[in-house]
Protein chains: 2
Amino acid sequence: MSDFFDVVSRQRASRAFADTAVTDDEIARVLTAATYAPSAENKQPWEFVVVRDARSREQIGALTKRAWEKGGRAASERRLGPALLADVESGATGGLASAPVQIVVCADTERGLEATVGSSIFPAVQNLLLAATALGLGSALTTITTGFRAELQALLHLPAHVWPVAVVPIGRSARPLGPPRREPFAAHTHRERYGSFW
Amino acid sequence: MSDFFDVVSRQRASRAFADTAVTDDEIARVLTAATYAPSAENKQPWEFVVVRDARSREQIGALTKRAWEKGGRAASERRLGPALLADVESGATGGLASAPVQIVVCADTERGLEATVGSSIFPAVQNLLLAATALGLGSALTTITTGFRAELQALLHLPAHVWPVAVVPIGRSARPLGPPRREPFAAHTHRERYGSFW
């Protein structure tokens, strides 16, 4: 049994993984948790592709690296401090791809409306990440690779109306992760109207 | 102490609320949980406006009703079965607005990139909804009202770069909610490539 608030406060992106297997039962538990998330009109427009094949994982990793080199790094260099930049870079250039399982979370845009992809898919992704944390698995929410929609669709045989929205590596984190670094909620909470801080 | 997987499996949209107060401490706990969610570049671009004022809640409720009547109902009539349609309609025309607290979750598009609003805000919203469930509070993820961005910005004094992304009513559910209705994960999970079902 895992305490809910403890799981929430421990969730953190893992960008380097140990070479340890993840079982089908673990995958089933995190994906079942994902499906309990809300979605617009309860259309549950998610499709999950669970990639274990080493060659496919390499190809996904190569796309991630290309996305980083073609624009991700240039944008992040201006926006991130050196420690986080180094962490993100090591993930994008091989660390994320080192996980034994990559779950590509997709939106079926015939089942759900295009305008509601974000509000219908990311809550499910968050449930997935939390469930992984509860089971002692490392994971991360990544979207950089989905800029290569056509390439991912070809690799995973996705129909045109099924859009990859996130790539979530799952495995055992290569090292223990500290608690997430966050600003206190009150710094971004307002009473009645913006500017009247909590 | 609430078991993580139990909370996840019990979360369900509440669209009718009892006239019972929600405390500042409860709001603080759900918003703290929200801030533990991941966000692109860890920019934490959320801003939360906690609305308790009766007049402001009425105005938000009026916008929701207008959004429903101006297009929401026409779209949903074609897409939803009669039971869910009736439930959604009763929420959009007054049920959601009956909650004593409305949390308007916003994205600061100067702090976070516009392209990452969905992936940076909806995981936090999901943490908020789960935390409310853990505390015995009813809630719902709604986005229909945010189509009136300018009106919400005026009402809540939001600067132009702060976009309302979701409106989450919080309160005590007017009636007990059964478990969420979901298709099994395996119906939407594929091994290695789309079409090769779990």
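Residues numbered from 1 in each chain as written. Chains lettered and ligands numbered in written order. Predicted model: local features only at pLDDT ≥ 70, side-chain atom pairs only at ≥ 80, totals over all residues. Heavy atoms only, no water.

## Quick look at the nonpolar core
Reasoning step 1: In this structure, I103 of chain A together with I103 of chain B are the most contacted members of the largest nonpolar core, which totals 74 residues.
Reasoning step 2: Among residues more than four places away in sequence, those in contact with I103 of chain A are I27, V30, L31, F48, V49, L128, A166, V167, V168 and I170 of chain A. (Core = buried A, V, L, I, M, F, W, Y, C linked by side-chain atoms within 4.5 Å. Buried < 20%, exposed > 50% of the residue type's maximum accessible area, 1.4 Å probe, protein only. Contact = heavy atoms within 4.5 Å.)

## Some thoughts on the relation of the copies chain A and chain B
Reasoning step 1: Relative to chain B, chain A is turned by 180° and slid 0.0 Å along the rotation axis, the superposed coordinates differing by an RMSD of 0.0 Å. Such a combination of rotation and displacement between the chain copies is what one expects of a two-fold axis. Relative to the rotation axis, the closest C-alpha in chain A is found at F4 of chain A, a distance of 2.0 Å.
Reasoning step 2: Here 100% of the contact residues of chain A are again contact residues in chain B; the copies associate through an equivalent surface. (Least-squares fit on C-alpha atoms with pLDDT ≥ 70 in both.)

## What about the packing of helix α2 (residues 24–35) of chain A against helix α5 (residues 117–134) of chain A?
All names here are of chain A.
Reasoning step 1: Packing of α2 against α5 leaves a shortest axis separation of 7 Å and a crossing angle of 145°. Of the two elements, α2 crosses α5, and the hand of that crossing is right-handed. Residues V30, L31, A33 and A34 of α2 touch α5, and the partners they reach there are A124, N127, L128, A131 and A132.
Reasoning step 2: Split into classes, the residues belonging to the contact of α2 with α5 amount to eight nonpolar, one polar and no charged. (Axes fitted to C-alpha atoms, helices over the stretch in contact; angles between N-to-C directions. Helix = DSSP H or I, 4+ residues; strand = E, 2+ residues; numbered from the N terminus. Left-handed = near helix turned anticlockwise from the far one by under 90°. Nonpolar A, V, L, I, M, F, W, Y, C, P; charged D, E, K, R; others polar.)

## Focus: the packing of aromatic side chains
The description of an aromatic ring pair rests on the distance of the ring centres and on the angle between the ring planes.
Reasoning step 1: One pass over the full model with this rule turns up five aromatic pairs over all chains.
Reasoning step 2: Plain terms: the ring middles of F4 of chain A and F4 of chain B are 6.3 Å apart, the flat faces sit at 5° to each other, and that makes the pair stacked. In this pair, F4 of chain A is assigned in helix α1 (residues 4–10) and F4 of chain B in helix α1 (residues 4–10), connecting two distinct chains.
Reasoning step 3: By relative accessible area, which is 0% here, F4 of chain A ends up buried.
Reasoning step 4: Among the aromatic residues, ring-to-ring pairing joins F4 and F5 of chain A together with F4 and F5 of chain B into one connected group.
Reasoning step 5: Between the NZ or CZ atom of R191 of chain A and the centre of the ring of W198 of chain A, over which it lies, the distance is 3.9 Å.
Reasoning step 6: The ring of W163 of chain B has R149 of chain B lying over it, and the distance from NZ or CZ to the ring centre is 3.9 Å. (Phe/Tyr/Trp six-rings, centres within 6.5 Å; stacked < 30°, edge-to-face > 60°. Lys NZ or Arg CZ within 6 Å of the ring centre and 35° of its normal.)

## Comments concerning the pattern of salt bridges
Reasoning step 1: For the coordinates displayed, the defined rule picks out 22 salt bridges over all chains.
Reasoning step 2: The partner of E47 of chain A in a salt bridge is R111 of chain A, with the nearest N and O atoms 2.9 Å apart. With E47 of chain A in strand β2 (residues 46–51) and R111 of chain A in the loop between β3 (101–108) and α5, this pair connects stretches of sequence that are 64 residues apart.
Reasoning step 3: By relative accessible area, which is 3% here, E47 of chain A ends up buried.
Reasoning step 4: Measuring nitrogen to oxygen at the nearest pair gives 2.9 Å for the salt bridge that ties R15 of chain B to D87 of chain B. A residue pair is termed long-range when its members are at least 10 positions apart, and R15 of chain B in the loop between α1 and β1 (17–18) and D87 of chain B in helix α4 (residues 82–95) qualify at 72 residues.
Reasoning step 5: For D87 of chain B, a relative accessible area of 24% translates into the label partly exposed.
Reasoning step 6: One network of salt bridges, with partners in common, ties together D24 and R52 of chain A together with R191 of chain B. (Salt bridge = Lys/Arg side-chain N within 4 Å of Asp/Glu carboxyl O.)

## Some details on the interface of chain A and chain B
A common way to express how large an interface is: the accessible area buried when the components associate.
Reasoning step 1: With 70 residues of chain A in contact, the opposing surface of chain B contributes 70 residues.
Reasoning step 2: Across the chain A/chain B interface, buried area totals approximately 6700 Å², and carbon plus sulfur atoms make up 58% of it.
Reasoning step 3: By the criterion of area lost to chain B, the three top residues of chain A are R79, E192 and Y194 of chain A, representing 12% of everything that side buries.
Reasoning step 4: On inspection of chain A and its partner chain B, the count reaches four salt bridges.
Reasoning step 5: For D24 of chain A, the salt bridge goes to R191 of chain B, with nearest N and O atoms at 2.9 Å.
Reasoning step 6: Here chain A and chain B share 48 residue pairs in polar contact (both at pLDDT 80 or more) between them.
Reasoning step 7: Elements represented by at least two residues in the side of chain A that touches chain B include exactly α1, α2, β2, α3 (54–79), α5 and β6 (189–191) of chain A.
Reasoning step 8: Here the element with the most residues in the side of chain A that touches chain B is α5 of chain A; it accounts for 10 residues. (Buried area = accessible area lost by both parts, 1.4 Å probe. Polar contact = N/O pair within 3.5 Å; in protein donor to acceptor, adjacent residues only side chain to side chain.)

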